[in-house]
Amino acid sequence: MQFTPQQLTGGVKYAPVTRIGNWLEDLALEQSKKDNFLQNSAMGSLTLRKQQTKFSIFNEIVPLSYSDDGIIRFGDSIILKHDSSNGILACDPYERLVPGQDFFYVTGTTDSPIPRARNTFTIIRPPSNLKNIEDDENDPILKLGQPFCLSCNESLLVHPGSSILAPRLYLTSTKKNERMATRSSNRQLVYLSNTLNADCIWYLTKPSHGRRNGAERFLAFGQPMKADLSVQITHRQTNMYLTLDSTQRFQTEFGIEMECFADRSSAVGKLGILVSENQGYSTPNTLSKPDAPTFSWHIVLSDSPDYNIESKHLPPEATIDAILHEIKNYLLSNGTDGFLNLREYFQDLDLKNHIKGKFYIDDLKRALISYGIPLDPIYYDSIINLLDKKKTGLIDWRSFLRLIRGSLPNYRLKAIEDIFRRIDHKLVDAVSFDSLAKAFKGDEDSFQHLLQTFKSKGEKMASIESFIDYYGDLSQAIEDDESFSNYLNSLW
């Protein structure tokens, strides 16, 4: 409550029933703060509520794969246990390494190997262009030396308010540089990323014990991977081994955890490689220095098939088709002009753009967010990669709209083309604006709306491509083919 200068200097006091100063504003401010707190609490956006939600998601018990024969297969949900430290590999997809970039922390936890969402990973088959030539796509068994990817548990990919999962996050490592390194020991960083590329590829090998198992280690390549084997998890791109450092510990929201990184070092001891080769006892492939024991891991599976049952219903995976379907449904929910309104929005932005017809990737994401499409920007990466095959960083926004809209059914495409051919007597795939005006039977506002489509592209004549784009957008809100045909015939 505010006081007057007279009261502060000991002047005459007002009666208790008298209110002075900005008392109404103070009350309104206090009520506003209270309402804002209650609203944030109900939405779960308070810091405490966010942390409670995070803990409940990350510590949720999830299925762990069971194998009768102990053999590891693609699609298995596993736990990775570090032999020398007894640490468990864990991740935190809510904690970014670099603000604004989708790189997330991977650590080692000292918890018991109970299958929780943050310490359970799924073995994924890599894309065809990143496999070995001899890999059999129809063989589900993971073999030593065979490339694979590790994805975080799908329970961590559930986003509030989204009907699809977030894009997969893969265990990734990149050669150490001035921007990417572990924060304590400055070694090669291991993290989660939603970009599936060569940095996400790993393979398993038996640890080297020098002369004792040189030939055995070499001949093990191509053999089925079993859960009781001690193995090294090798990053194919940098030839570094995944490991944890029990001496590098730091405090996290989940307690004291260990640093995870990729490294390569040998145990002490010399090898007479040249002498051994000269005598015919070994080859460079069968004789190597012993690997340090800090690089050894065990894959943990379930002891009972009961733990392999998924009881939680998860949204569908964030495939390109699912993401496009989400965007399309939002546009259609805005009425029959949903696609046209987005096209007009892009046209207005394009007028201020110095590269006509194309947006930079970040500008496109910001435009979609500003337009109100309720999707996290990370969902757009897979679509952008599909359109930006040359990696120029520029996206043709008309191609983006065509991808969302999808290809037109043959019946509708033919109906639009037939209308245009009625006007295009010269069959040159372009007509003058005057010819369009003479053939159009609708109202003036609708015609000007159509005309703007051509003019925004700088066309001096109406092209058949722009004509198809315009009515292709409108057709998305009309389910019946016959109704769409009748609609066109009523206008032309």
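Above this text sits the structure in question.
The structure reproduced in this document is the subject of the present report. (Residues numbered from 1 in each chain as written. Predicted model: local features only at pLDDT ≥ 70, side-chain atom pairs only at ≥ 80, totals over all residues. Heavy atoms only, no water.)

Next up on the list: the overall build of the protein. Scanning the protein from terminus to terminus reveals 15 helices and 16 strands. For the protein, buried positions account for 45% of its 492 residues. Once local pairs closer than 6 in sequence are excluded, the contacts in the protein between residues at least 24 apart make up 69%. When the accessible surface of the protein is totalled, it reaches about 26,300 Å², and 52% of it is carbon and sulfur. (Helix = DSSP H or I, 4+ residues; strand = E, 2+ residues; numbered from the N terminus. Buried < 20%, exposed > 50% of the residue type's maximum accessible area, 1.4 Å probe, protein only. Contact = heavy atoms within 4.5 Å. Areas by Shrake-Rupley, 256 points an atom, 1.4 Å probe, with all protein chains shown as cover.)

We now examine the pairing of strand 9 (residues 231-235). Taken across its 5 residues, strand 9 has 5 buried, putting it largely inside the fold. Neither face of strand 9 is left uncovered, since the one carrying Val-231, Ile-233 and His-235 and the one carrying Gln-232 and Thr-234 both have all their residues buried. Strand direction decides the pairing type here: strand 8 (residues 202-205) and strand 9, joined by 4 bridges, are antiparallel. Bridge pairing in strand 9 links Thr-205 to Gln-232. As judged from the 2 bridges shared by strand 9 and strand 12 (residues 296-300), these two strands associate in the antiparallel manner. Note that in strand 12 the partner of Gln-232 across the bridge is Ser-296. For strand 9 and strand 10 (residues 240-252), the ladder comprises 2 bridges, and the chain directions are antiparallel. Bridge pairing in strand 10 places Thr-234 opposite Tyr-241. Counting the residues between successive antiparallel strands, the hairpin from strand 9 to strand 10 contains 4 residues, one of them, Asn-239, with a positive phi of roughly 60°. (Pairing = 2+ DSSP bridges.)

The next thing to look at is the packing of helix 14 (residues 464-475) against helix 15 (residues 481-491). At a closest axis distance of 11 Å, the pairing of helix 14 and helix 15 adopts a crossing angle of 130°. Judged by the angle between their axes, helix 14 and helix 15 are oblique. Helix-helix and strand crossings are classified by hand; for helix 14 and helix 15 the assignment is right-handed. The residues of helix 15 that touch helix 14, namely those facing Tyr-471, Leu-474 and Ser-475, are Phe-484, Tyr-487, Leu-488 and Leu-491. Residues of the contact of helix 14 with helix 15, tallied by class, amount to 6 nonpolar, 1 polar and no charged. (Axes fitted to C-alpha atoms, helices over the stretch in contact; angles between N-to-C directions. Parallel < 35°, antiparallel > 145°, perpendicular 65-115°, else oblique. Left-handed = near helix turned anticlockwise from the far one by under 90°. Nonpolar A, V, L, I, M, F, W, Y, C, P; charged D, E, K, R; others polar.)

A side chain of one charge can pair with a side chain of the opposite charge if their charged atoms are brought near each other. In this structure the tally under the stated criterion is 16 salt bridges. Between Asp-139 and Lys-143 there is a salt bridge; the shortest N-O distance is 2.3 Å. With a relative accessible area of 21%, Asp-139 lands in the partly exposed category. Glu-154 is the salt-bridge partner of Arg-168, the closest N and O atoms lying 3.3 Å from each other. Placement of the pair is Arg-168 in the loop between strand 5 (149-152) and strand 6 (170-173) and Glu-154 in the loop between strand 5 and strand 6, with a sequence separation of 14 residues. For Arg-168, a relative accessible area of 16% corresponds to the buried category. We classify Glu-154 as partly exposed; its relative accessible area is 27%. (Salt bridge = Lys/Arg side-chain N within 4 Å of Asp/Glu carboxyl O.)

Further remarks concern the packing of aromatic side chains. Applying the stated criterion to the full structure yields 11 aromatic pairs. Centre to centre, the rings of Phe-58 and Phe-254 are 5.5 Å apart; their planes meet at 10°, and the pair counts as stacked. Within this pair, whereas Phe-58 is found in helix 3 (residues 47-58), its partner Phe-254 is found in the loop between strand 10 and strand 11 (255-263), the two being separated by 196 residues in sequence. Neither residue differs from the other here; Phe-58 and Phe-254 are each classed as buried. Consider the rings of Phe-346 and Phe-359, whose centres lie 5.6 Å apart with planes at 70°: the pair is edge-to-face. On the criterion of sequence distance, the pair formed by Phe-346 in helix 7 (residues 338-351) and Phe-359 in strand 13 (residues 358-360) is long-range, its members being 13 residues apart. Take Phe-346 and Phe-359: they sit in the same class, and that class is buried. (Phe/Tyr/Trp six-rings, centres within 6.5 Å; stacked < 30°, edge-to-face > 60°.)

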